[in-house]
Amino acid sequence: MAAPKIQTFGNGTPYVPAGGWALMFTWLIDFVVFVLGFAVAFIVFVVADQSRPEAQQISAGGAVIIALVLLFAVPLVYGLWYRNGRALGAVCTGTRLVRTRDGGRIGAKGPWAMLVRTILLPLLIAAVVLGGGLGPGGELPRTSIDVERTRRLHAEGYPLTPRDASRT
């Protein structure tokens, strides 16, 4: 493997970061799943509301509130499957979201990570594009790795992550 593609976690364990196209398609797939989940949940809400008597139906303002709640609830629920860093987008692209400090799974922060990926990241991108700023600085707490290439890297003699070393 080419040396520039190898990076290390905070604990010194090497890994191969996911490529730019893989990251884009991972985000795109997860965003499409979010949009479809939001649409299905909202349609179920509308159909259920229409089956109620006219006097008991929710107003337009109530529907907006339900949509806002779903806007945040759907990514949080989808994020429950993201705790191991492999939501549908990551599975399709062969990547995994891991902690930058040690390469471990993101665990209970999976729902938050999915909320950031589907709602806050697009808002940040829009703010940067519209505002012309560079975005927030600092180091990211999570990064995406190329699972297969990192596995091959470790098979070639680089040390395993603490999680993988405990399996052997």
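In this report, we go over the structure that sits alongside the text.

About the cut-offs
- Residues numbered from 1 in each chain as written.
- Predicted model: local features only at pLDDT ≥ 70, side-chain atom pairs only at ≥ 80, totals over all residues.
- Heavy atoms only, no water.
- Helix = DSSP H or I, 4+ residues; strand = E, 2+ residues; numbered from the N terminus.
- Contact = heavy atoms within 4.5 Å.
- Salt bridge = Lys/Arg side-chain N within 4 Å of Asp/Glu carboxyl O.
- Buried < 20%, exposed > 50% of the residue type's maximum accessible area, 1.4 Å probe, protein only.
- Core = buried A, V, L, I, M, F, W, Y, C linked by side-chain atoms within 4.5 Å.
- Pairing = 2+ DSSP bridges.
- Patch = residues over 30% accessible without salt bridge, like charges linked within 9 Å, V, L, I, M, F, W, Y side chains within 5 Å.
- Areas by Shrake-Rupley, 256 points an atom, 1.4 Å probe, with all protein chains shown as cover.
- Axes fitted to C-alpha atoms, helices over the stretch in contact; angles between N-to-C directions.
- Parallel < 35°, antiparallel > 145°, perpendicular 65-115°, else oblique.
- Nonpolar A, V, L, I, M, F, W, Y, C, P; charged D, E, K, R; others polar.
- Expected span 1.5 Å × (residues − 1).

## Some words on the overall build of the chain
Then comes step 1: Helices and strands together make up the secondary structure of the chain, namely 6 helices and 4 strands.
Then comes step 2: For the chain, the α and β elements follow one another from N to C terminus as β-β-α-α-α-β-α-β-α-α.
Then comes step 3: Looking at the chain alone, contacts between residues at least 24 apart form 73% of all its contacts between residues at least 6 apart.

## Some thoughts on the pattern of salt bridges
Then comes step 1: Applying the stated criterion across every chain yields a total of 2 salt bridges.
Then comes step 2: Arg117 serves as the salt-bridge partner of Asp30, at 3.2 Å between the closest nitrogen and oxygen. Of this pair, Asp30 sits in helix α1 (residues 20–50) while Arg117 is found in helix α4 (residues 110–131), placing the two residues 87 residues apart along the sequence.
Then comes step 3: Since its relative accessible area comes to 0%, Asp30 is described here as buried.

## Examining the nonpolar core
Then comes step 1: If you look at the biggest cluster of nonpolar residues, it comprises 7 residues: Tyr78, Tyr82, Ala87, Leu97, Ile106, Ala113 and Met114.
Then comes step 2: Not counting residues up to four positions away in its chain, the partners in contact with Ala113 are Tyr82, Leu97, Ile106 and Arg142.
Then comes step 3: Residues Phe34, Leu70, Val74 and Ile119 belong to the second largest nonpolar core, which totals 5 residues.

## A short note on the pairing of strand β3 (residues 95–99)
Then comes step 1: Among the 5 residues of β3, 4 are classified as buried, and the element is accordingly described as predominantly covered.
Then comes step 2: Both β3 and strand β4 (residues 142–146) contribute to a ladder of 5 bridges, which runs antiparallel. By the bridge assignment for β4, Thr95 is matched with Asp146.

## Some details on a nonpolar patch on the surface
Then comes step 1: A cluster of nonpolar side chains, contributed by Trp21, Met24, Phe25, Leu28, Val32 and Leu36, occupies part of the molecular surface with about 610 Å² of accessible area.
Then comes step 2: Residue position: Leu28 is located in helix α1.
Then comes step 3: Residue class for Leu28 comes out partly exposed when judged on its relative accessible area of 37%.

## Side note on the pairing of β4
Looking along a regular strand, one sees side chains alternate from face to face of the sheet.
Then comes step 1: For β4, a buried count of 5 out of 5 residues is recorded, marking the element as mostly surrounded by other parts of the structure.
Then comes step 2: Neither face of β4 is open: one carries Arg142, Ser144 and Asp146, the other Thr143 and Ile145, and all of them are buried.

## Quick look at the packing of α1 against α4
Helix-helix packing is described using two parameters, namely the angle between the two axes and the distance between the axes.
Then comes step 1: For the pair α1 and α4, the least separation of the axes is 10 Å and the interaxial angle reads 95°. By the angle between their axes, α1 is roughly perpendicular relative to α4. Of α4, the residues touching α1 (which contributes Thr26, Trp27, Asp30, Phe31 and Phe34) are Met114, Arg117, Thr118, Ile119, Leu121 and Pro122.
Then comes step 2: Residue composition of the contact of α1 with α4, grouped by class: 7 nonpolar, 2 polar and 2 charged.

## A look at α1
Three or four residues apart is the spacing at which side chains of an α-helix point the same way, because the helix has 3.6 residues per turn.
Then comes step 1: Taking 1.5 Å of rise per residue, 31 residues should cover 45 Å, and α1 covers 45 Å from first to last C-alpha, within 8% of that figure.
Then comes step 2: Buried within α1 we find Thr26, Asp30, Phe34, Phe45 and Asp49.
Then comes step 3: Among the structural elements, α2 (60–79), α3 (88–93), β3 and α4 are those in contact with the buried residues of α1.

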